[in-house]
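Descriptive structure summary
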Amino acid sequence: MLKVLHHHVREGLFEGIKRANADEQVRAIVIIGEGKTFPCGADIREFHTHASVKEPVLTAVGHTIENSGKPVISAIHGTALGGGLEIALCCHYRIASENARIGFPEVLIGLLPGAEGTVRLPRLSGLAFAMDMIAFGKQVNAKDAFRHGILDKLCNGNILEEAKQFATKVIGQPLDSRRLSRLDVKDAANVDLLFEVALAQVKRKSRGQIAPIYCLKSVRNSVRMSFDKAVEEEQRLIMELMTGYQSTALQYSFFADRSAPKWRLPCGASVHNTKPSRIETAGVIGAGTMGSGIAVCLIRAGVPVILVEKNKKMLEKAMKTISGILDGSVKLNRMTSEQKEQCLAILKGTSTLDKLSNVDMVIEAVYENLELKREIFAQLDKVCKPSTLLCSNTSTLDIDKIASATNRPDKVAGTHFFAPAFIMKLMENVYGTKTSPATVATVMEFGRRLGKELEATKEEIKNIRLHLTVTFCTIDL
Ligand SMILES: CCCCCCCC/C=C\C/C=C/C(=O)SCCNC(=O)CCNC(=O)[C@H](O)C(C)(C)COP(=O)(O)OP(=O)(O)OC[C@H]1O[C@@H](n2cnc3c(N)ncnc32)[C@H](O)[C@@H]1OP(=O)(O)O
């Protein structure tokens, strides 16, 4: 695990600063991360546990640092992110290795830098840069950070040695002007204009997300309010975000993204010992909203699709809808017109299942009716080649009951997309009692290829969908 600010790390830092301040021999203090990096933030796993609020909380550690009568220098290598950067901002000086990076990625997990980061950074870097870093979660390299006044020195040698040398030069210098809480915000006069510009950008880029807006509001408060009042408001905003569903989902997604490549089943099969098959062609059954959306996902990933819809009018409509969705992507510069044409060239519509005889995978997306699905799966079992995986987009029905309509339950799985399937990254891949590890490996790999982020841990099953055997999931709001 990367260095994160668990309770015991905060405690160690807090005690260390207090001890150094009490020790007459100590004339300056250097904070440096052991190993590969400076802290990359608070421990996200600790949120919603007692440890996250156990003293000393991050702000208390920060205050002890900033109020120290001896100069405190943060020596940053690797990444100083989130709470790690907030600690650095409480130091009187910041130096960093040239290849270090800093940032506030909290917004990406639905939060804001709630240990006074939204109030301190604007005092150092100015509003525009702070808004950009905080509301968009942008990480910046050490050179940019230096240019914007966040760092006092760039180092290209041994960071600890350089920090010690730096410390000897600043011993005895006045510290008040180095305490960010005592400074005014740079470019404060432009706050309203900068806020409006950034808000428009946020609304465009992060539609529907609350955290980026709260980030901007909190940065704006750093100008409109006293330091203490702005901090109080920051606390209120982060608590609101922390208890909201968006941050819960995004934090889930953070871990899901990381555990998906490491999936493992209770039988011992895992990503390491199970080879996926390559899906070259696929069939999608049902040309409603879900089926059309799924078809878009597949053709965008270069997988030729046969879309089956027995109602010919609906099929025609779906083909137009799909073309319209791709036009939207062209308009948004997410693909070129040529790419759109390439996508459409690998999409075929048909009204009969027998056209699926040669595909490697079928994703059924008809409405939620067990008997209908069982009927379709029984037919698919007869029509498709023996190696074809038969998947259902069902959100609620039992995969085992669908699989038992076939003679290949080992090749039946759930591949549950979320509407609109071509936007939402959430995908639950569900296996039944007879689904083989090879099928799981293949649908996991297929989901990855579609740009979906997936997850396969037993623990998460309870969180998402108790009635399913396993879920693999993430969300992009
Ligand atoms: C009612 C509750 C009240 C709570 C009050 C709390 C108030 C606190 C308020 C604010 C203070 C500050 C908040 C924060 O700091 S939030 C966290 C901000 N930081 C991040 O979001 C960083 C997230 N991490 C990353 O971006 C990357 O991990 C990376 C760039 C640091 C490194 O990338 P890479 O080398 O690719 O490694 P991995 O991503 O694979 O990560 C390795 C390993 O480490 C785990 N991990 C990483 N960061 C964290 C973290 N912040 N907390 C917990 N765990 C983390 C990651 O999950 C991987 O674990 P593994 O899969 O088990 O190996």
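Our subject in this report is the structure included herewith. This one's a predicted model, so the numbers in the text were calculated from it and none came from an experiment.

In contact at an axis separation of 10 Å, helix α3 (residues 83–90) and helix α4 (residues 117–125) are set at 55° when each is read in the N-to-C sense. As summarised for this structure, α3 and α4 are arranged oblique, according to the angle between their axes. Seen from above, α3 lies across α4 with left-handed handedness. From α3, Glu 86, Leu 89 and Cys 90 reach across to α4, where they touch Gly 117, Arg 120, Leu 121 and Leu 124. Considering only residue class, the contact of α3 with α4 consists of four nonpolar, one polar and two charged.

Counting buried residues in helix α2 (residues 58–66) gives seven out of nine residues, a clear majority hidden from the surface. Considered for burial, the residues of α2 that qualify are Leu 58, Thr 59, Val 61, Gly 62, Thr 64, Ile 65 and Glu 66. Each element contacted by the buried residues of α2 is listed here: α1 (7–22), β1 (29–32), β2 (72–76), α3 and α4.

Counted under the stated rule, the structure contains zero disulfides. You can see Cys 267 has no disulfide; the closest cysteine sulfur is in Cys 391, sitting 18 Å from it.

With that settled, consider the nonpolar core. Ile 31, Ile 65, Ile 76, Ile 102 and Ile 150 are the most contacted members of the largest nonpolar core, which totals 62 residues. If we ignore the near neighbours within four places in the chain, the residues touching Ile 150 are Leu 89, Arg 94, Ile 102, Leu 121, Leu 124, Ser 125, Phe 129, Met 133 and Ala 145.

Before going further, it helps to spend a moment on the packing of aromatic side chains. Within the structure shown, the criterion is met by two aromatic pairs. For the pair Tyr 93 and Phe 166, a centre-to-centre distance of 5.4 Å together with 70° between the ring planes defines the contact as edge-to-face. Taken as a pair, Tyr 93 in strand β4 (residues 93–97) and Phe 166 in helix α7 (residues 159–170) lie far apart in primary sequence, 73 residues in all. You can call Phe 166 buried: its relative accessible area is 13%. Sitting over the ring of Phe 195, Arg 220 keeps its end group 3.9 Å from the ring centre.

Per the stated rule, a full pass over the model turns up one cavity of 30 Å³ or more. Space inside the largest cavity adds up to approximately 30 Å³. Lining the largest cavity are Leu 58, Thr 59, Gly 62, Glu 86, Ile 87, Cys 90, Ala 115, Glu 116 and Arg 120. Of all the secondary-structure elements, those providing two or more residues to the lining of the largest cavity are α2 and α3. Classifying every residue of the lining of the largest cavity by side-chain character gives four nonpolar, two polar and three charged.

Right, let's get into the layout of surface pockets. Of the pockets and cavities examined, the second largest pocket occupies roughly 570 Å³. Lining the second largest pocket are 30 residues; nearest its centre among them are Ile 285, Gly 286, Val 366, Leu 372 and Ile 376. For the lining of the second largest pocket, the secondary-structure elements that each account for two or more residues are α12 (289–300), α15 (370–383) and β13 (412–417). Take the lining of the second largest pocket: its biggest share by element is five residues, from α15. Across the lining of the second largest pocket, the residue classes break down as 14 nonpolar, eleven polar and five charged.

Here the focus is the sheet that holds strand β12 (residues 389–392). Strand order in the open sheet made by the seven strands is β10-β9-β8-β11-β12-β13-β14, with mixed pairing throughout. The sheet is open, and its two borders are formed by β10 (347–350) and β14 (427–431), each paired with just one other strand. Averaged over all pairs of adjacent strands, the angle between strand axes in this sheet comes to 25°, irrespective of strand direction. Where strand β8 (residues 282–285) and strand β9 (residues 305–308) come together, four bridges link them in parallel fashion. Paired with Ile 285 across the bridge in β9 is Val 308. Where helix α13 (residues 312–331) meets the sheet, it contacts β9 and β10, and its direction lies at approximately 165° from that of β10. Sitting on the sheet, α15 is in contact with β8, β11 (361–364), β12 and β13, with an inclination near 165° to β12.

As a matter of local geometry, the ligand sits amid 29 residues, with Ala 42, Ile 44, Gly 83, Arg 258 and Lys 262 nearest to it. Between the ligand and Gly 83 there is a distance of 2.9 Å, counted from an oxygen atom to a backbone nitrogen or oxygen. Here the ligand has 1,200 Å² of accessible area as a free molecule, and 75% of this is covered by the chains. Contributing elements (two or more residues each) for the shell around the ligand: α3, α10 (227–242) and α11 (245–259). Residues of the shell around the ligand, tallied by class, amount to 17 nonpolar, six polar and six charged.

Within this structure, the stated rule accounts for 22 salt bridges. The residue Glu 66 makes a salt bridge to Arg 120 at a minimum N-O spacing of 3.2 Å. Remark: Arg 120 occurs in helix α4 and Glu 66 occurs in helix α2; sequence separation between them is 54 residues. Taken individually, Glu 66 and Arg 120 each receive the classification buried, so the pair is uniform in this respect.

Criteria and thresholds
Residues numbered from 1 in each chain as written. Predicted model: local features only at pLDDT ≥ 70, side-chain atom pairs only at ≥ 80, totals over all residues. Heavy atoms only, no water. Axes fitted to C-alpha atoms, helices over the stretch in contact; angles between N-to-C directions. Helix = DSSP H or I, 4+ residues; strand = E, 2+ residues; numbered from the N terminus. Parallel < 35°, antiparallel > 145°, perpendicular 65-115°, else oblique. Left-handed = near helix turned anticlockwise from the far one by under 90°. Contact = heavy atoms within 4.5 Å. Nonpolar A, V, L, I, M, F, W, Y, C, P; charged D, E, K, R; others polar. Buried < 20%, exposed > 50% of the residue type's maximum accessible area, 1.4 Å probe, protein only. Disulfide = S-S within 2.5 Å. Core = buried A, V, L, I, M, F, W, Y, C linked by side-chain atoms within 4.5 Å. Phe/Tyr/Trp six-rings, centres within 6.5 Å; stacked < 30°, edge-to-face > 60°. Lys NZ or Arg CZ within 6 Å of the ring centre and 35° of its normal. 1 Å grid on protein atoms, 1.4 Å probe; cavity = no way out; pocket = protein on both sides within 12 Å on 5 of 7 lines; lining within 4 Å. Points joined across faces, edges and corners; volume = space filled by probe spheres on them. Pairing = 2+ DSSP bridges. Near = heavy atom within 4 Å. Polar contact = N/O pair within 3.5 Å; in protein donor to acceptor, adjacent residues only side chain to side chain. Areas by Shrake-Rupley, 256 points an atom, 1.4 Å probe, with all protein chains shown as cover. Salt bridge = Lys/Arg side-chain N within 4 Å of Asp/Glu carboxyl O.

Fair warning: the whole summary comes from geometry, so function is off the table for now.
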